[in-house]
Amino acid sequence: MQGFLPNVRQQRAAGYAAIELAQAVRALTAERRAGREGLWVNSEGSSGERGCSGRHLFGWRDAMDIVVKWRQLSEPADQVVWVDLLTQREFEQGFGSHTPMYSGQTKCVRYYMNFNRAMSLAKECLLEKGHAYDAQNCEVGLGSDDKQEAVRRAKTALELYTIIGQDSWVVVPLHSLLKEQKQEQQHDNATPTSNGNIQSSSSSSSSFKRVSDVTVAPGCIEGTRLTLVKVPNQPDAVEFSIRTPVTPPRWKEFDAELEYGWERLINAMISGNKAATAAAILCYGYYWYNFMPLARGTAAVGYTTMLGLFWAAEMPITQPIPKDYQVDWEAILARHPQQFIERLAQWFIPEQACPPAPAAPAAASISPSSSNSPMASPRSSDAGSSSGKGQHAALIAAAKQLPDVESLPAVNQALGTIKQRFNALNGPDAKPV
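One structure accompanies this document, and this report is about it.

Definitions and cut-offs
- Within every chain, residues take consecutive numbers counted from 1 along the sequence as written.
- The predicted nature of this model means local features are confined to residues of pLDDT at least 70 and side-chain atom pairs, given and counted, to a pLDDT of 80 or more, with totals for whole chains, interfaces and linings taken over all residues.
- Calculated side-chain values reflect all of the structure's heavy atoms, with hydrogen atoms and water omitted.
- Only DSSP runs of H or I covering at least 4 residues are called helices, and only runs of E covering at least 2 are called strands; the numbering of each starts at the N terminus.
- Residue count minus one, scaled by 1.5 Å, sets the expected span of a helix.
- Two rings from Phe, Tyr or Trp (for Trp, the six-membered ring) form a pair when their centres sit within 6.5 Å of each other. Planes less than 30 degrees apart are called stacked, planes more than 60 degrees apart edge-to-face, and all others tilted.
- The rule is simple: take the accessible area with a 1.4 Å probe, protein chains only, and divide by the maximum for that residue type; under 20% is buried, over 50% is exposed, in between is partly exposed.
- Look at NZ for Lys and CZ for Arg. If either is within 6 Å of the ring centre and within 35 degrees of the ring normal, a charge sits over the ring.
- Simply put, an axis is a line fit to the C-alpha atoms, just over the touching stretch for a helix, and the angle between two N-to-C directions goes from 0 to 180 degrees.
- Throughout this description, any angle smaller than 35 degrees is read as roughly parallel, any larger than 145 degrees as roughly antiparallel, any in the 65 to 115 degree range as roughly perpendicular, and the remainder as oblique.
- Left-handed describes a crossing whose near helix is turned anticlockwise from the far helix through less than a right angle; right-handed describes the clockwise counterpart.
- We call two residues in contact when some of their heavy atoms are within 4.5 Å.
- Residues are grouped as follows: nonpolar covers Ala, Val, Leu, Ile, Met, Phe, Trp, Tyr, Cys and Pro; charged covers Asp, Glu, Lys and Arg; every other residue, Gly included, is treated as polar.
- Any carboxyl oxygen of Asp or Glu within 4 Å of a side-chain nitrogen of Lys or Arg constitutes a salt bridge here.
- Only strands joined by at least two bridges in the DSSP assignment are considered to pair.
- Nonpolar core, defined: a set of buried Ala, Val, Leu, Ile, Met, Phe, Trp, Tyr and Cys residues in which side-chain atoms within 4.5 Å join the residues together.

### Points about helix α4 (residues 115-129)
Okay, so step 1: The end-to-end C-alpha distance of α4 is 21 Å, a good match for the 21 Å that 15 residues give at a rise of 1.5 Å each.
Okay, so step 2: G130 sits one or two residues past α4 and shows a positive phi near 85°.

### A short note on the packing of aromatic side chains
Okay, so step 1: Across all of its chains, the model carries 23 aromatic pairs by this definition.
Okay, so step 2: With a centroid separation of 5.5 Å and an interplanar angle of 80°, the aromatic rings of F115 and F240 are classed as edge-to-face. Placement of F115 in helix α4 and of F240 in strand β13 (residues 238-245) is noted, with a sequence separation of 125 residues between them. As far as burial versus exposure is concerned, F115 and F240 are alike and both buried.
Okay, so step 3: With centroids separated by 5.5 Å and ring planes inclined at 80°, the aromatic side chains of F310 and F348 adopt a geometry described as edge-to-face. Here F310 is found in helix α10 (residues 298-312), whereas its partner F348 is found in the loop between α12 (337-344) and α13 (368-371), with 38 residues between them in sequence.
Okay, so step 4: With a relative accessible area of 0%, F310 lands in the buried category.
Okay, so step 5: Its end group placed over the ring of W169, R225 keeps NZ or CZ at 3.9 Å from the ring centre.

### Regarding the packing of helix α1 (residues 8-33) against α10
Okay, so step 1: Following both chains from N to C, one finds α1 and α10 inclined at 45°, their axes separated by 8 Å at the closest point. Judged by the angle between their axes, α1 and α10 are oblique. You can see that α1 and α10 cross each other, and the crossing is right-handed. Residues A14, A17, A18, I19, L21, A22, V25 and R26 of α1 form the contact with α10, whose own contacting residues are T304, T305, G308, L309, W311 and A312.
Okay, so step 2: Broken down by class, the residue content of the contact of α1 with α10 amounts to 10 nonpolar, three polar and one charged.

### Description of the pattern of salt bridges
Okay, so step 1: A full pass over the atoms with the stated rule returns 19 salt bridges.
Okay, so step 2: Across the pair E239 and R243 runs a salt bridge whose closest N-O atoms are separated by 3.6 Å.
Okay, so step 3: Taking the relative accessible area as the measure of exposure, E239 reaches 11% and is therefore buried.
Okay, so step 4: Bridged by salt links that share partners, the residues R26, E314, D404 and E406 form one connected network.

### Some details on the pairing of β13
Okay, so step 1: Of all eight residues that make up β13, seven are buried, and the element is covered over most of its length.
Okay, so step 2: Pairing of strand β3 (residues 96-104) with β13 involves eight bridges; the strand directions are antiparallel. Residue pairing in the sheet places S103 in a bridge with E239 of β13.

### Section: the nonpolar core
Okay, so step 1: Among the nonpolar cores identified, the biggest contains 106 residues, and F240, W262 and M306 are the most heavily contacted of them.
Okay, so step 2: Counting residues per element, this core draws most heavily on helix α9 (residues 274-291), at 12 residues.
Okay, so step 3: Contact partners of W262, with chain neighbours within four places excluded, come to V25, L28, F58, G59, W60, A63, Y284 and L309.

### Quick notes on the pairing of strand β12 (residues 220-230)
Okay, so step 1: Of all 11 residues in β12, 10 are buried; the element is thus mostly enclosed.
Okay, so step 2: In terms of strand pairing, strand β7 (residues 168-175) meets β12 through seven bridges, oriented antiparallel. Counted as the bridge partner of V171 is R225 from β12.
Okay, so step 3: Where β12 and β13 come together, six bridges link them in antiparallel fashion. Its bridge partner being in β13, R225 is matched across the sheet by R243.

### So, the environment of I164
Okay, so step 1: Structurally, I164 can be placed in helix α6 (residues 157-164).
Okay, so step 2: Separated by 14 residues in sequence, I164 and A150 have C-alpha atoms that sit 9.9 Å apart.
Okay, so step 3: Sequence-distant contacts of I164, that is, excluding residues within four places in its chain, are made with L126, V140, K147 and L228.

In structure tokens form, the structure reads like this:
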């Protein structure tokens, strides 16, 4: 992919991580099918247990720990750490990612391919709310109808910045499947009063939920922030980027969302419904990508996790990532998991699993820019050269020969020490550690 170089150690790490994760998930589903509570694991070394001793049930964070640890070993100098394990001050201030697409007069070679979709989504969120936010999280209103029309016509980052008139950002609201499920439960538990009105048996929430000083609509959680800032010491130069601050309130919401998604995923696997399992895996990946809980490596960990989960579900992925395609950005620029599913269904999902759509959100909550924007089918957009096509076919053929994970040696036993894992990552031709 343009702007990226192959990294054999990280490729090996992804392979080992996918196998180990798939084997762990198979063990968990076997315990559940046998009528037991789940898979009990030691708490030492679990990032979510913070050094506590004892045992706990294997959950979503234990699954991610498997992949995170392999990513850490693939390049020990990279700061692949959970954000909530940074210092309390860094965590509370909202440590987050920052990825420019356009800066000054420069198109970022890695990410500019997402500029048009991101710009359309930024304008949509701006017009929907009627304002952006400044660096102090104060509202920056659009004001007149003329300004709103100017926003609709804006094509470049500089044009949009000039209309707003200062550094600003908008937040992408994400549809929450957990909140949707809770709202359905509240509706089911509602009882009619004497005057015929419906009164819920649970306490009602306020009409809007404030998360990290950002007001988002009911049924939504805070996604990424699309930011426009002036580039210092450069005339007529602005930066358009995504920034995702990970604060304690936001962490709490995504933790609950991923826990709910993990249970949906495991239950779907146990049921044997491949379509439901595929949908649950992609929904889980969607929230992981938007969460961005790692200081570095969230995208690689997320993709490896989806590979491992599909493998565990006896649906190994046989398609390589298409050229000029970034899976994490497909999630970041989608306001509903169904949009993410529909895009990946064009190439990623095995053909035997056509996932059903989650409950469709209200029309206003779906982003036209992220759901209807034109995009060539990735299956037909691979390298056009004969050598490229031959390599592509060879990759698919090799992937189709993947064995069942239970027929492979248990990774956590065969590579049970850090030394063994380093030797495995270095490859057979390297000098042993």
